[in-house]
Amino acid sequence: PWQVSGYQYDMSSANNYTGQLYEGQGRNIVNPPGCFVILGPNNVNVQMGTVITDPASAAHDYVGVYGEWNQLEIIAIDNTLIHLMNGQVITITIDNDPAKRAMQGIMSLQLEASGQIWYRNVYVKPLD
């Protein structure tokens, strides 16, 4: 998973959580794979729609380090997070909870549970 400012973009080995947005400071899963969600105060989250019906279909099959790589992108503009995998939008999240959202922070790369994961060509690009 990718983690930006307390939010975690999930990609699971079984490919059943790919694109899910997890917030590690208490809100837990805030946007399931494939959804457009607005997060509000008092843990009121409203699912506005679906951006992809089968988010797992956007992922390349895992065939080892010499297989096709998955490209993950996170676009963070103000309180909006857009997650893409291989050019396909997977989730859109608008965080309208000023008490709980993080407008800045650290980015970390991690693997939860078991398995292996490789990273390459990791970039951070400020948007004007």
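Colleague: Would you mind going over a nonpolar patch on the surface with me for this structure?
Modeller: On the surface, Met107, Leu109, Ile117, Tyr119, Val122 and Val124 cluster together to form a nonpolar patch covering roughly 480 Å² of accessible area. Structurally, tyrosine 119 can be placed in the segment after β10 (107-109).

Colleague: Would you mind showing me how to read the pattern of salt bridges here?
Modeller: It is possible for side chains of opposite charge to pair when their charged atoms get near one another. For the structure on display, the rule yields 2 salt bridges. Here arginine 27 ties to glutamate 23 by a salt bridge, and the two come within 3.5 Å at their closest N and O atoms. Judged by its relative accessible area of 10%, arginine 27 falls in the buried class. Close ionic contact of aspartate 95 with arginine 27 constitutes a salt bridge, the shortest N to O distance being 2.7 Å. Of this pair, aspartate 95 sits in strand β9 (residues 88-95) while arginine 27 is found in the loop between β3 (21-23) and β4 (28-31), placing the two residues 68 residues apart along the sequence. One exposure class covers both aspartate 95 and arginine 27, and it is buried. The structure contains a network of salt bridges with shared partners spanning Glu23, Arg27 and Asp95.

Colleague: Explanation requested: the sheet that holds strand β7 (residues 72-77) in the structure shown.
Modeller: Hydrogen bonds along the backbone pair up the strands of a sheet, which may run parallel or antiparallel. The sheet built from 5 strands is open, its strands ordered β6-β5-β9-β8-β7 with mixed pairing. Sheet topology places β6 (44-50) and β7 at the edges, where each strand pairs with a single neighbour. This sheet shows a mean twist of 15° between the axes of neighbouring strands, independent of strand direction. For strand β8 (residues 80-85) and β9, the ladder comprises 6 bridges, and the chain directions are antiparallel. In the strand pairing of β9, threonine 80 is matched with isoleucine 94.

Criteria and thresholds
Residues numbered from 1 in each chain as written. Predicted model: local features only at pLDDT ≥ 70, side-chain atom pairs only at ≥ 80, totals over all residues. Heavy atoms only, no water. Patch = residues over 30% accessible without salt bridge, like charges linked within 9 Å, V, L, I, M, F, W, Y side chains within 5 Å. Areas by Shrake-Rupley, 256 points an atom, 1.4 Å probe, with all protein chains shown as cover. Salt bridge = Lys/Arg side-chain N within 4 Å of Asp/Glu carboxyl O. Helix = DSSP H or I, 4+ residues; strand = E, 2+ residues; numbered from the N terminus. Buried < 20%, exposed > 50% of the residue type's maximum accessible area, 1.4 Å probe, protein only. Pairing = 2+ DSSP bridges. Axes fitted to C-alpha atoms, helices over the stretch in contact; angles between N-to-C directions.

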